[in-house]
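Fold and geometry: a report
Below are the chains, spelled out letter by letter.
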Amino acid sequence: MGNRYLTVVFTFLLAFLTGCATPHSHLISKKEPLIDREHGLVVVSLGSGTMSMPAIDGVTTQADGKPADFRITTTANMLVYGAWDAKEAVRPGPAGGRRVLLAYSVAPGDYSISAVHLYIPSYPATYSGKVQFPRPYRFGVEAGKVTYLGVVEVNMTTAPNVIGEIIPALSMQVPARMSVRLLDEFEEDNKILITMRPELKAAPVLLPAGR
């Protein structure tokens, strides 16, 4: 694939929000086939360049704008950091960060990711941020094939809290800004995929337009 080191970066200010849990990847459940005559497989790595266990949630929709039947997320079994327990699907990222490989068996069709959320549990509140992509990240799914989305790398920077300007003793660094990079790391991710599910070694692989 060309432009291996070309990245797309989006940024947005962090806000105080709350998130909800969604079903986890089908990759670690080795009981049923992931692709067949009625299903294709969406494969994506979620992670961070600097955070070891980020809680990330992608907003996935169908071509008509309706919510898709799957939602890419590191949440599993109602636990914010659930996906990171699947150690065979985790690999190191740059600067101390990590990525976790996710895979979803879904019906054929056209889909897109319109935004990414990041959640940081803390006391007394949970920090969270949202990046709304300038244009949707579109991809197609075909029965019997693997659609590889690449790496969605979410990074976060900090800044002094506002109250610290008034009361210096309470000054601290808090989440302030997040950014998202879309990377092509197919070779690394595919090694994990076929190690966990050897039956996918011969499956055709689709890439989103422009990747």
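Before going into details, it helps to say that this report is about the structure given with it.

The rules behind each value
Residues numbered from 1 in each chain as written. Predicted model: local features only at pLDDT ≥ 70, side-chain atom pairs only at ≥ 80, totals over all residues. Heavy atoms only, no water. 1 Å grid on protein atoms, 1.4 Å probe; cavity = no way out; pocket = protein on both sides within 12 Å on 5 of 7 lines; lining within 4 Å. Points joined across faces, edges and corners; volume = space filled by probe spheres on them. Helix = DSSP H or I, 4+ residues; strand = E, 2+ residues; numbered from the N terminus. Salt bridge = Lys/Arg side-chain N within 4 Å of Asp/Glu carboxyl O. Buried < 20%, exposed > 50% of the residue type's maximum accessible area, 1.4 Å probe, protein only.

**What about empty space enclosed by the protein?**
One pass over the full model with this rule turns up one cavity of 30 Å³ or more. Put simply, the largest cavity is a space of about 30 Å³. Lining the largest cavity, in full, are Val 43, Val 146, Tyr 148, Phe 186, Asp 189, Asn 190, Leu 193 and Val 205. Of all elements in the fold, only β8 (146–160) and α2 (186–196) reach the threshold of two or more residues within the lining of the largest cavity.

**Quick notes on the pattern of salt bridges**
Scanning the model with the defined rule gives eight salt bridges in all. Here Asp 57 makes a salt bridge to Arg 71, at a shortest N to O gap of 2.9 Å. Taken together, the positions of Asp 57 in strand β3 (residues 55–62) and Arg 71 in the loop between β3 and β4 (90–92) put the pair 14 residues apart, joining distant regions of the chain. A salt bridge links Glu 199 to Arg 197; the shortest N-O distance between them is 2.6 Å. The class for Glu 199 is partly exposed, based on a relative accessible area of 45%. We classify Arg 197 as buried; its relative accessible area is 4%. Bridged by salt links that share partners, the residues Arg 91, Arg 99, Glu 153, Arg 181, Glu 185 and Asp 189 form one connected network.

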